[in-house]
Amino acid sequence: MIEIEGVTKLYKMGSETIHALLGVALKIHRNEYLAIMGPSGSGKSTLMNMLGCLDTPTAGRYEFNGKHVAAMSDDELAEIRNREIGFVFQTFNLLPRSTALSNVELPLIYAGFSAQDRRARAIEALENVGLGNRMTHKPNELSGGQRQRVAIARALVNRPSIILADEPTGNLDSRTGVEIMELFEQLYDQGNTIIVVTHEEDIARHARRIVRLRDGLIESDRPAD
Amino acid sequence: MKRIIYEINESFRIAFAQIRANKMRSVLTALGVIIGIVAVTLMGTAISGIDRGFQNSLAMLGDDVLYVQKWPWGPVEDWWNYQNRPIIRPESAERLNQIIEDTPGSLLEIAAPVVARGASVKAGENQVNGVAVFGTTGNYARMMSAEFKEGRLFNEAEAASGRQVCVLGFDVAEALFATTSPIDQMVLIRGQPFMVIGVLAKQGSFLGLFSFDSQAIMPLNAYRKYFGVHANSAQLRVKVRDKNRMDEAKEELIGAMRRVRGQLPGERDSFSINQQQAFREQLDPIKQGIALAGLFITGLSLFVGAIGIMNITFVSVKERTKEIGTRKALGARRRTILLQFLIEAVSICLIGGAVGLSLTFGLCLLLQATMPSLPVVFSFSLVIVSMVVAVVTGVVSGFAPAWGASRLDPVDALRYE
């Protein structure tokens, strides 16, 4: 489903050029559960941005469901992010003044669903993550774990091809973190494709395949034990 | 298409949530717009008020009447050339009417002499000072622009015999006869008794300079009896048959007047022909100047308000950079983000515009109540215009920050703390 090859990303910081990725090749198939690991500076954030179509590679090929992403315009990328990718962030990134329901509806607005369809789908997604009774609450009325569940519901609501989670448990205590990872497990069992970016071994162990990066290159790519 | 409507809806929802969440800031920002809109709309009402005042005043002169006078309307540089002109005697009107009658197919209809002076008018205990007293003939009835509230003008016979009858202006009648009808009542004009036979309807003032309602009209012959010294210098008012042929009529009148005055060929006219049009030509540039200067000055205050909006939109974009990143990650396009912040700026402007407009409306009502003579006009078109101005202000001032927001790189925006 995802196929990248020879992907390179350079950043210019003043007069220096930073090589964040130095020719990475990766294939991800439908209904995989993948962890991307690496120390800071390894290029794992850059790779995640690339996979999430938030950024385009300096060089190399990126195919998403057969579509070439590298040459897409900003608006085409937005379209792909909207329909194909569900983001889960470390800091949840919920809109503070909107209810859980409105937050989950947001991607559907950009997708052009009617208010009725939006509501129905958002309710379904929230129920799916066990928040059927918290829909009218605003983020500041929810616990950290509940906020991340809202964010996951939001990521799922447009039925994306992949769920891309960046340190999803980084801002949660370990017990809540475990709950969230159980939720991912459940979503994986339902047939979703999940990519988790993390630096914690405990979290990565939940995945079925672990890709390790170092200095902009893939160091290892093997099934989790 | 559907999608953009949802996006706009959502943008309005966010905008109002945002305004509610930052009440103080929004109020202060809107204040700039409110002041701007109040200034501009008040200026607008003032300008249209002045304009209406102009139109009303000019209408009182009559658009089918030519005025034969010693002096032209408007400024002259070579005043000495006019100073030495012989006065225009009231009798010239009779000569002029004779010539008009003898000219087949004349474009002129009739002439009437008008003499005038100020005098006090008294009835019982009540007295009005500084009333403009006019003496004229029965022909005057055919070129009057004023309407009668009650009664009539004296007829030809009354005028010829110099009967002591008069027509009062609205304000004079009001002041002298508050409770009863003035018709057939006696008034003393400069101590002489006159019987009131008519009252004019309310007309208002001419450009705010003098009131048409503070006048009295009497037969020329009666006027002469009592104001003899002032009765020799008159103006002639000449009614034109077809007001679409004013210029030709004017040419004919010049020729006729030269005959009346016995002027030789080559000699310069010893009189001026004045008409409403001349006033208009003189006043229009002044009016436009006032409008332009006024709108420019008030436009400045709106400009300051717009800068406030721009500033607050920049702040809003900065504060919500991370939110912009999130929205982009969830599939918001550039257009979506642009719209969102534009609509936020426009919403503040619309609120400011609505508040400003209501304030202007209130001020207009207040002005009308306290100073009825001011020609304040609050029109419906003003509502449309000010709302359009508010929207344009919002779009113009919000565009730069909104554009910046729409161009943010999603990765950078998400990383922004």
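Being a predicted model, the structure only gives us computed values, none of them experimental.

Reading guide: rules and limits
- Residues numbered from 1 in each chain as written.
- Chains lettered and ligands numbered in written order.
- Predicted model: local features only at pLDDT ≥ 70, side-chain atom pairs only at ≥ 80, totals over all residues.
- Heavy atoms only, no water.
- Salt bridge = Lys/Arg side-chain N within 4 Å of Asp/Glu carboxyl O.
- Helix = DSSP H or I, 4+ residues; strand = E, 2+ residues; numbered from the N terminus.
- Buried < 20%, exposed > 50% of the residue type's maximum accessible area, 1.4 Å probe, protein only.
- Core = buried A, V, L, I, M, F, W, Y, C linked by side-chain atoms within 4.5 Å.
- Contact = heavy atoms within 4.5 Å.
- Buried area = accessible area lost by both parts, 1.4 Å probe.
- Pairing = 2+ DSSP bridges.
- Axes fitted to C-alpha atoms, helices over the stretch in contact; angles between N-to-C directions.
- Lys, Arg positive; Asp, Glu negative; His and termini not counted.
- Polar contact = N/O pair within 3.5 Å; in protein donor to acceptor, adjacent residues only side chain to side chain.
- Phe/Tyr/Trp six-rings, centres within 6.5 Å; stacked < 30°, edge-to-face > 60°.

Participant: Mind laying out the pattern of salt bridges, listing which residues take part and the relevant values?
Facilitator: Two side chains carrying opposite charge are able to pair once their charged atoms lie near each other. For the coordinates displayed, the defined rule picks out 41 salt bridges over all chains. Salt-bridge contacts for Arg159(A) lead to Glu124(A); the nearest nitrogen and oxygen are separated by 3.8 Å. Pair noted here: Arg159(A) is in the loop between helix H5 (144–156) and strand E7 (162–166) and Glu124(A) is in helix H4 (residues 115–128), with a separation of 35 residues, a long-range link. What makes Glu124(A) partly exposed here is its relative accessible area of 47%. Between Glu109(B) and Arg142(B) there is a salt bridge, with its nearest N and O atoms 3.3 Å apart. Of this pair, Glu109(B) sits in strand E2 (residues 108–123) while Arg142(B) sits in the loop between strand E3 (126–136) and strand E4 (148–151), and the two are 33 residues apart along the sequence. Since its relative accessible area comes to 44%, Arg142(B) is described here as partly exposed. Put simply, Glu79(A), Arg83(A), Arg3(B), Glu7(B), Arg333(B) and Arg335(B) are held in one network by salt bridges that share partners.

Participant: Give a description of the nonpolar core that names residues and reports values.
Facilitator: Residues and elements named next belong to chain A. Judged by nonpolar contacts, the single largest core of 41 residues is most densely connected at Leu-126, Ile-152 and Phe-184. Looking at this core, the elements that each hand over two or more residues are strand E3 (33–37), helix H3 (100–111), H4, H5, E7, helix H6 (174–189), strand E8 (193–197) and helix H7 (201–204). If sequence neighbours within four positions are ignored, Phe-184 has contacts with Tyr-33, Val-88, Ile-152, Ile-163, Ala-165, Pro-168 and Ile-194. Ranked by size, the runner-up nonpolar core spans 34 residues in total, among them Leu-34, Leu-47, Leu-54 and Phe-89.

Participant: Account for the interface of chain A and chain B, with residues named and values stated.
Facilitator: Contacts between chain A and chain B engage 28 residues on the former and 25 residues on the latter. Taken over both partners, the interface formed by chain A and chain B buries close to 2400 Å², and the fraction arising from carbon and sulfur atoms is 56%. Sorting the residues of chain A by area buried against chain B places Leu54(A), Arg97(A) and Tyr110(A) first, and these three jointly supply 28% of that buried surface. Put simply, chain A and chain B have three salt bridges between them.

Participant: Tell me about the sheet that holds strand E4 (residues 59–64) of chain A, residues and numbers included.
Facilitator: All names here are of chain A. What the four strands build is an open sheet, ordered E2-E1-E4-E5; its pairing is antiparallel. Looking along the sheet, the strands with just one partner apiece sit at the ends: strand E2 (16–28) and strand E5 (67–68). The sheet contact formed by E4 and E5 spans two bridges and is antiparallel. Within E5, the residue paired with Glu-63 across the bridge is His-68. Sheet contacts for helix H1 (residues 44–51): strand E1 (2–13), E2 and E4; angle to E2, the most-contacted strand, approximately 60°.

Participant: Outline the side chain of Glu167(A), listing residues and values.
Facilitator: Residue and element names in this part refer to chain A. Looking at the element boundaries, Glu-167 is found in the loop between E7 and H6. It is Lys-44 that comes nearest to the buried, bridge-free Glu-167 among opposite-charge side chains, at 4.4 Å. Side chain to side chain, Glu-167 and Thr-198 meet in a polar contact 3.4 Å long. Of the polar contacts made by the side chain of Glu-167, one reaches the side chain of His-199; its length is 2.8 Å. Once residues lying within four places of it in the same chain are set aside, the contact partners of Glu-167 are Lys-44, Gln-90, Val-197, Thr-198 and His-199.

Participant: Before we move on, can you summarise the pairing of E1(A) with the specific residues and values?
Facilitator: Residues and elements named next belong to chain A. The pairing of E1 with E2 spans 10 bridges and is classified as antiparallel. Bridge pairing links Lys-12 to Thr-17 in E2. Remark: two residues form the turn of the hairpin made by E1 and E2, two consecutive strands paired antiparallel; Gly-14 in that turn has positive phi of roughly 65°. Relative to E4, E1 is paired through five bridges, and the arrangement is antiparallel. Counted as the bridge partner of Thr-8 is Ala-59 from E4.

Participant: Hey, could you go over the environment of Leu21(A) for me, with residue numbers and the actual values?
Facilitator: Residue and element names in this part refer to chain A. Along the chain, the position of Leu-21 falls in strand E2. The class for Leu-21 is buried, based on a relative accessible area of 0%. Spatially, the C-alpha atoms of Leu-21 and Thr-46 are 7.3 Å apart, while their sequence positions differ by 25 residues.

Participant: Kindly report on the packing of aromatic side chains, identifying the contributing residues and their values.
Facilitator: The relation between two aromatic rings is expressed through the spacing of the ring centres and the mutual angle of the planes. The full count for this structure, using the stated rule, is 10 aromatic pairs over all chains. For the ring pair Tyr62(A) and Phe64(A), a centre distance of 6.4 Å and an interplane angle of 55° mean the geometry is tilted. With respect to burial, Tyr62(A) and Phe64(A) carry one shared label: buried. Both rings, one in Phe399(B) and one in Trp403(B), keep their centres 5.7 Å apart while their planes meet at 20°; by these two values the pair is stacked.

Participant: Lay out the sheet that holds E3(A) with the relevant residues and their values.
Facilitator: All names here are of chain A. Read from one edge to the other, the open sheet built from six strands follows the order E6-E7-E8-E3-E9-E10, with strand pairing classed as mixed. With partners counted over all chains shown, the strands left at the sheet margins are strand E6 (85–88) and strand E10 (217–223), one partner each. Going across the sheet, the axis of each strand differs from the next one's by a mean of 15°, ignoring polarity. In the sheet, E6 pairs with E7 via four bridges, with the strands oriented parallel. Residue Ile-85 lies in a different strand from E7, and its bridge partner there is Ile-162. Against the sheet, helix H2 (residues 74–84) contacts E6 and E7, and its axis sits at roughly 80° relative to E6. Along the sheet, H5 makes contact with E6 and E7, crossing E6 at roughly 170°.

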